[in-house]
Amino acid sequence: MYKRQVYNFDGETAKGDLATAALDGNDFGSGVTASVFTLVDGNASGSFIDGFQDDRLEIVLKGVQTTSTFQITIPTGVTVDLTGLSFDHGIQWNNGRTNSTYSKWSVSIDNGGSATPSAVDDSRTPTEDVGEQSTNEALVLSGLTGLTATTVTFTINGQFGVNTDFTSGNDQTRQAFLDNVTLTGSVGPVPEPGSLALLGLGGLLIGARRRRD
């Protein structure tokens, strides 16, 4: 059955390094839990102000990289297939920004020590003095099926161009943003050993009948 967990950052106001945002929705159930969304390297990267505001994660483009992360924990007794990860991202600028500003995002996934990377490399460059560019990334996840009794860590890295052509205003007039981080998948029970044995026996009986026929 299709399931999802969502971070939309609505109402969040935490700022700075290690700022966190709560999970907004999670219908995986069966004891499958998700951590808070954490801005791992905020002000420590040199950014003027990083944090959750205006119902999204905003990062001022003064530093060159900011990292954020969240985890999903799957207990014993259920299996989870993780099939997709999507998020909105982009940049916003004003006050006569005339040289290149870009925003690149990449995603890495650590499944209990076994890395399964899924990458996004998307450049955004201003084409007008005032405006906002945004896009939605929808990643198809692979190799993350039949998960049980494990924790999967998702890390979203943002790398930004350093634009020093401040014709007016201040650092807050040029920023990157991230929003609506959504993980999708399905959840089901772990097959009982007895059930597996019955399935195997059923297969043998069918094979024997076909041979007799």
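Here, residues in each chain are numbered from 1, in the same order as that chain's written sequence. The predicted origin of the model limits local features to residues at a pLDDT of at least 70 and limits the giving and counting of side-chain atom pairs to 80 or more, whereas totals for whole chains, interfaces and linings rest on all residues. As a rule here, side-chain values cover all heavy atoms of the structure and leave hydrogens and water aside.

Caption draft 1: Structural view of the overall build of the protein chain. A tally of regular secondary structure across the protein chain gives one helix and 14 strands. Partly exposed residues are those whose accessible area sits between 20% and 50% of the maximum for their type, while under 20% is buried and over 50% is exposed, using a 1.4 Å probe and protein chains only. Expressed as a percentage of its 213 residues, the buried residues of the protein chain come to 45%. Working rule for contacts: check all heavy atoms of both residues, and any pair within 4.5 Å makes them a contact. In the protein chain, 76% of the contacts between residues at least 6 apart in sequence involve partners at least 24 apart. Here the Shrake-Rupley method, with its probe set to 1.4 Å, supplies the accessible areas, and only the displayed protein chains count as covering residues. Looking at the protein chain as shown, the accessible area adds up to about 10300 Å², and 51% of this sits on carbon and sulfur atoms. Each helix corresponds to a stretch of at least 4 residues labelled H or I by DSSP, and each strand to a stretch of at least 2 residues labelled E; elements are numbered beginning at the N terminus.

Caption draft 2: Inspection of a negative patch on the surface at higher detail. Residues D10, D24, D54 and D55 make up a contiguous surface patch of negative charge. Turning to its location among the elements, D55 is positioned in the loop between strand 6 (50-53) and strand 7 (56-60). Relative accessible area serves as the criterion here: at 37%, D55 is assigned to the partly exposed category. Residues enter a patch when their relative accessible area is above 30% and they make no salt bridge; the linking distance is 9 Å between like charges and 5 Å between nonpolar side chains (Val, Leu, Ile, Met, Phe, Trp, Tyr). We define a salt bridge as a side-chain nitrogen of Lys or Arg found within 4 Å of a carboxyl oxygen belonging to Asp or Glu. Counted charges follow a simple rule, with Lys and Arg positive, Asp and Glu negative, and His plus the chain ends left uncounted. Where a charge lies is defined by one atom per residue type, namely NZ (Lys), CZ (Arg), CG (Asp) and CD (Glu).

Caption draft 3: Seen up close, unusual backbone geometry. Despite not being glycine, S30 shows a phi value in the positive range, around 55°. Positive phi, normally seen in glycine, also occurs at D54, with a value near 55°. Along the chain, D54 turns up in the loop between strand 6 and strand 7. Residue classification places D54 among the exposed positions, given a relative accessible area of 61%.

Caption draft 4: Main features of the pattern of salt bridges. Overall, the coordinates contain one salt bridge when judged by the stated rule. Here E58 makes a salt bridge to R56, at a shortest N to O gap of 2.9 Å. Judged by relative accessible area, which is 3%, E58 ranks as buried. Accessibility expressed as a relative area gives 13% for R56, which makes it buried.

Caption draft 5: Up close: the environment of V107. Positionally, V107 belongs in strand 10 (residues 103-111). Considering only alpha carbons, one finds V107 and S68, 39 residues apart in sequence, at a separation of 9.8 Å.

Caption draft 6: Inspection of the pairing of strand 14 (residues 174-189) at higher detail. Strand 14 sits mainly inside the fold: 14 of its 16 residues count as buried. One ladder, built from six bridges, connects strand 1 (residues 2-7) with strand 14; its direction is antiparallel. Its bridge partner being in strand 14, Y2 is matched across the sheet by S186. Any two strands with at least two DSSP bridges between them are considered paired. As paired strands, strand 7 and strand 14 are joined by four bridges and run antiparallel to one another. Directly across from V60, in strand 14, lies its bridge partner Q175.

Caption draft 7: Local environment of the nonpolar core. Judged by nonpolar contacts, the single largest core of 37 residues is most densely connected at F37, L82, F154 and V181. Those elements that provide at least two residues to this core are strand 2 (19-21), strand 5 (37-39), strand 7, strand 8 (65-74), strand 9 (78-93), strand 10, strand 13 (150-160) and strand 14. When residues of this core are assigned to their parent elements, the largest contribution, seven residues, is made by strand 9. Those residues in contact with V181 that sit more than four places away from it in its chain are Q5, V6, Y7, F9, F37, F70, L85, S86, F87 and I156. By convention a nonpolar core is built from buried Ala, Val, Leu, Ile, Met, Phe, Trp, Tyr and Cys residues, the set being connected through side-chain atoms within 4.5 Å.

In short, geometric facts, not functional conclusions.
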